[in-house]
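# Secondary and tertiary structure notes
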Amino acid sequence: MMVGLTLIHGAAAKGAVCLDGTLPGYHLHRGYGSGANSWLIQLEGGGWCNSIRTCVYRKKTRRGSSIYMEKQIPFTGILSNNPEENPDFFNWNRVKLRYCDGASFTGDSQNQAAQLNFRGQRIWSAAIEDLMSKGMRYANQALLSGCSAGGLAAILHCDEFRGFFPRNTKVKCLSDAGLFLDSIDVSGGRTLRNLFSGVVNLQGVQRNLPSFCLNRLDPTSCFFPQNVISNIKTPLFLLNAAYDSWQVQASLAPPSADPHGYWNECKKNHAQCSPSQIQFLQGFRNQMLNAIKGFSMSKQNGLFINSCFAHCQTERQDTWFADNSPIIKNKGIALAVGDWYFDRSGIKAIDCPYPCDKTCHNLVFR
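Everything quoted here is computed from the prediction, not taken from an experiment. (Residues numbered from 1 in each chain as written. Predicted model: local features only at pLDDT ≥ 70, side-chain atom pairs only at ≥ 80, totals over all residues. Heavy atoms only, no water.)

## Overview of unusual backbone geometry
Going from Y354 to P355, the amide bond is cis rather than trans, its omega being 10°. Within the secondary structure layout, P355 lies in the segment after strand 14 (348–350). Of note in this structure, N330 is not a glycine but carries a positive phi near 70°. Tracing the chain through its elements places N330 in the loop between strand 12 (327–328) and strand 13 (331–332). N330 sits in the exposed class, given a relative accessible area of 71%. Of note, the phi angle at D343 is positive, near 55°, even though the residue is not glycine. Relative to the helices and strands, D343 resides in the loop between helix 12 (333–341) and strand 14. D343 gets classed as exposed once you look at its relative accessible area, which sits at 51%. (Helix = DSSP H or I, 4+ residues; strand = E, 2+ residues; numbered from the N terminus. Buried < 20%, exposed > 50% of the residue type's maximum accessible area, 1.4 Å probe, protein only.)

## Describing the side chain of D244
Topologically, D244 is positioned in the loop between strand 10 (236–241) and helix 7 (245–252). Despite being buried, D244 has no salt bridge partner; R316 is the closest side chain of opposite charge, sitting 11 Å away. Looking at D244, its side chain comes within polar contact range of the main-chain nitrogen of W246, at 3.0 Å. (Lys, Arg positive; Asp, Glu negative; His and termini not counted. Salt bridge = Lys/Arg side-chain N within 4 Å of Asp/Glu carboxyl O. Polar contact = N/O pair within 3.5 Å; in protein donor to acceptor, adjacent residues only side chain to side chain.)

## Observations regarding the layout of surface pockets
The volume enclosed by the largest pocket comes to roughly 470 Å³. Contributions of two or more residues to the lining of the largest pocket are made by strand 4 (72–74) and helix 7. Top element by residues in the lining of the largest pocket is helix 7. It accounts for three residues. The residue inventory of the lining of the largest pocket, partitioned by class, reads eight nonpolar, eight polar and eight charged. (1 Å grid on protein atoms, 1.4 Å probe; cavity = no way out; pocket = protein on both sides within 12 Å on 5 of 7 lines; lining within 4 Å. Points joined across faces, edges and corners; volume = space filled by probe spheres on them. Nonpolar A, V, L, I, M, F, W, Y, C, P; charged D, E, K, R; others polar.)

Structure (structure tokens):
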């Protein structure tokens, strides 16, 4: 099912614009029946820009300008309107908020010399306000979700999202592949920390990070979910592959940390990894399990950490809900998220380490 793009016309007056100054937008498909007053907001992902150069490049793409955004996009997985593809949320109002700021909807700054607008936080606020006027203010249940950079945004904005609704509205958040770890790369450096530091400083992110974190850590550390998740008050579900393929490629073994390309084959296909590379990746999984220890002790939170080489599993039909979707203890992702959201059961699913899971849809890159 294809859903059209809606530009947020009141946004410009609020300074809520994409990197290049164009209007932000979302795709909305209305709910019906029992889901008429239920709202799912999915925050789009797509990396970050951490320098003038990378942001200037980005503003000529769909991730920095609504001029380049697809006018229609398919709604699949958690966004599908088919109960056979999306059993719990098919008849909800489903929204995909487009990502065109490059700082996970948290920046608030500008660079006039390079004609760059870093207004992710304002885009987030303007979008929520617009959707409230279109009926979301009457919601009896809401779920904020997102994948990758959008999954990080869903964590950082979770309690704020909760605050937009009355107390008696059921509100929860879901982060898909948003658990970016402050890891050491294969050369002993901090590739992702350096990237995040650039994003936070360039885009004026600091003022929109949670104060409970800033009270004890530097702003870049507070952009890492591991330093935030235990203090989020709203129920949160973390869905992540233990060997997140984006983090393996961009954080752990990027070309800058592996100039001789020892990791090239392993990054493209996990079956090509040497025993010592697998050992390094098991260390990454252990770090992830460590990072969620405190978080998982809270009854209201949910977890699904499968031992796969994947990234983003809610929007792809084959991983969200299909005959051969990934499972942990016989339960797939859509059912796990539904059981948690509707309080049918608690979900704390952590897979055994690679290579034990035969249900993975592992990404292989050419």
